[in-house]
Amino acid sequence: MSCAGAAAAPCLWRLRPGARRSLSAYGRRIIVRFRSSGMTLDNINRAVVDRIIRVDHAGEYGANRIYAGQMAVLGRTSVGPVIQKMWDQEKDHLKKFSELMVTFRVRPTVLMPFWNVLGFALGAGTALLGKEGAMACTVAVEESIAHHYNNQIRKLMEEDPEKYEELLQVIKKFRDEELEHHDTGLEHDAELAPAYAVLKSVIQAGCKVAIYLSERL
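Because the structure is a prediction, the values reported are computed rather than measured. (Residues numbered from 1 in each chain as written. Predicted model: local features only at pLDDT ≥ 70, side-chain atom pairs only at ≥ 80, totals over all residues. Heavy atoms only, no water.)

1. What to know about the UniProt feature "binding site: Fe cation 2" (unreviewed entry) in the protein chain
Sites flagged by UniProt as "binding site: Fe cation 2" (unreviewed entry) map to E90, E142, E178 and H181. These annotated residues cover 92 residues of sequence, but their C-alpha atoms sit close together, with the largest distance between any two at 10.9 Å. As for its placement among the helices and strands, E142 is situated in helix 5 (residues 131-159). Classification of H181 as buried rests on a relative accessible area of 2%. (UniProt positions renumbered as here; feature names shortened; annotations may be inferred. Helix = DSSP H or I, 4+ residues; strand = E, 2+ residues; numbered from the N terminus. Buried < 20%, exposed > 50% of the residue type's maximum accessible area, 1.4 Å probe, protein only.)

Here it is in structure tokens:
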């Protein structure tokens, strides 16, 4: 949910060659280390990292469902390729956070089925207002997510910017892409949507609730 260049992302999260793995007498314990930052399952603030990865995974999943809904309505129109391009970037975001959930053993939010339905409904519903409605939705959502990512960046900087360097790089990259989507929405007449200010406020209020719940549940 859903904020350039996705080509650089895969290299950021490769495990360091020869990453340490230890076996205890009571079972297998794997120590995962990032290539340069020294982040491991043992030395991170698990509560902070779990919350960040869980909510960001949920947000990117929701963004994918929103764009799926928009494409179902507007995919064959002139704005279809624009929406598809943004959706493709959101797919890359979701893929990365899905990988991080496995790496750091983070469970997904229990609300995934709700975001599946509500995300698609929001995308399709605003698209039924025309391309302006779809773009207004994009502006509202991407602005909320960029703000959310900035909060996460500040939190990780307070924790340990060196330790979390590579996580920070990924979040910053995705934030910048979300801001590109925001600007794309404005360039494609988002502000001409019916009751734009009201629509934007309602969607952003929903985003705040979704973020709050997905961090905790």
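2. A closer look at the UniProt feature "binding site: Fe cation 1" (unreviewed entry) in the protein chain
Under the local residue numbering, the UniProt record ascribes the feature "binding site: Fe cation 1" (unreviewed entry) to E60, E90, H93 and E178. Sequence-wise these annotated residues cover 119 residues; spatially they are packed, their C-alpha atoms never more than 10.4 Å apart. Among the secondary structure elements, E90 is positioned in helix 3 (residues 80-103). Tracing the backbone shows E178 in helix 6 (residues 165-187).

3. Section: the packing of helix 4 (residues 112-127) against helix 5
The geometry of helix 4 relative to helix 5 is characterised by a closest axis approach of 6 Å and an angle of 140° between their N-to-C directions. Judged on the interaxial angle alone, helix 5 and helix 4 are oblique. Across the interface between the two elements, L122, T126 and A127 from helix 4 touch G133, A134 and C137 from helix 5. Its residues assigned to classes, the contact of helix 4 with helix 5 comprises 4 nonpolar, 2 polar and no charged. (Axes fitted to C-alpha atoms, helices over the stretch in contact; angles between N-to-C directions. Parallel < 35°, antiparallel > 145°, perpendicular 65-115°, else oblique. Contact = heavy atoms within 4.5 Å. Nonpolar A, V, L, I, M, F, W, Y, C, P; charged D, E, K, R; others polar.)

4. So, the side chain of E215
Mapped onto the secondary structure, E215 falls in helix 7 (residues 196-216). Residues in contact with E215, not counting those within four places in the same chain, are R51, R54, V55 and H148.

5. Concerning the packing of helix 5 against helix 7
It is the contact of helix 5 with helix 7, at a shortest axis distance of 9 Å, that shows an interaxial angle of 40°. On the basis of the axis angle, helix 5 is oblique to helix 7. Of the two possible hands of crossing, helix 5 and helix 7 adopt the one that is right-handed. Counted together, G133, A136, C137, V139, A140, V141, E143, S144, I145 and H148 of helix 5 and Y196, L199, K200, I203, Q204, C207, I211 and E215 of helix 7 form the full contact between these two elements. Residues of the contact of helix 5 with helix 7, tallied by class, amount to 11 nonpolar, 4 polar and 3 charged. (Left-handed = near helix turned anticlockwise from the far one by under 90°.)

6. Observations concerning the nonpolar core
Among the nonpolar cores identified, the biggest contains 46 residues, and F104 and L156 are the most heavily contacted of them. If we ignore the near neighbours within four places in the chain, the residues touching L156 are V48, I52, P161, Y164, L167, L168 and I171. In this structure, A58, L111, M112 and A210 belong to the second largest nonpolar core, which totals 5 residues. (Core = buried A, V, L, I, M, F, W, Y, C linked by side-chain atoms within 4.5 Å.)

7. Remarks on the environment of V141
Tracing the chain through its elements places V141 in helix 5. Residue V141 is classed as buried on the basis of its relative accessible area, which comes to 3%. As for V141 and K200, which are separated by 59 residues in sequence, their C-alpha atoms are 8.3 Å apart.

8. Focus: the pattern of salt bridges
This model, assessed by the stated rule, comprises 10 salt bridges. Close ionic contact of K200 with E143 constitutes a salt bridge, the shortest N to O distance being 3.2 Å. Highlighted residues: K200 in helix 7 and E143 in helix 5, separated in sequence by 57 residues. By relative accessible area, which is 18% here, K200 ends up buried. D176 is the salt-bridge partner of R175, the closest N and O atoms lying 3.1 Å from each other. (Salt bridge = Lys/Arg side-chain N within 4 Å of Asp/Glu carboxyl O.)

9. What about the confidence of the model for the protein chain?
Of the residues in the protein chain, 81% have a pLDDT of 70 or more, and the chain-wide mean is 84. Contacts for the low-pLDDT stretch residues 1-36, under 50 throughout, to residues beyond four places or in other chains number 92 contacts. (pLDDT = per-residue confidence, 0-100.)

10. Section: the packing of aromatic side chains
Under the criterion given, the structure shown has 1 aromatic pair. Taken together, a centroid distance of 5.6 Å and an interplanar angle of 70° make the contact between F97 and F174 edge-to-face. Residue F97 is located in helix 3, and its partner F174 is located in helix 6; the two are separated by 77 residues in the primary sequence. Comparing F97 with F174 shows no difference in burial state: the two are buried. Positioned above the aromatic ring of W87, the side-chain terminus of K91 is 4.2 Å from the ring centre. (Phe/Tyr/Trp six-rings, centres within 6.5 Å; stacked < 30°, edge-to-face > 60°. Lys NZ or Arg CZ within 6 Å of the ring centre and 35° of its normal.)

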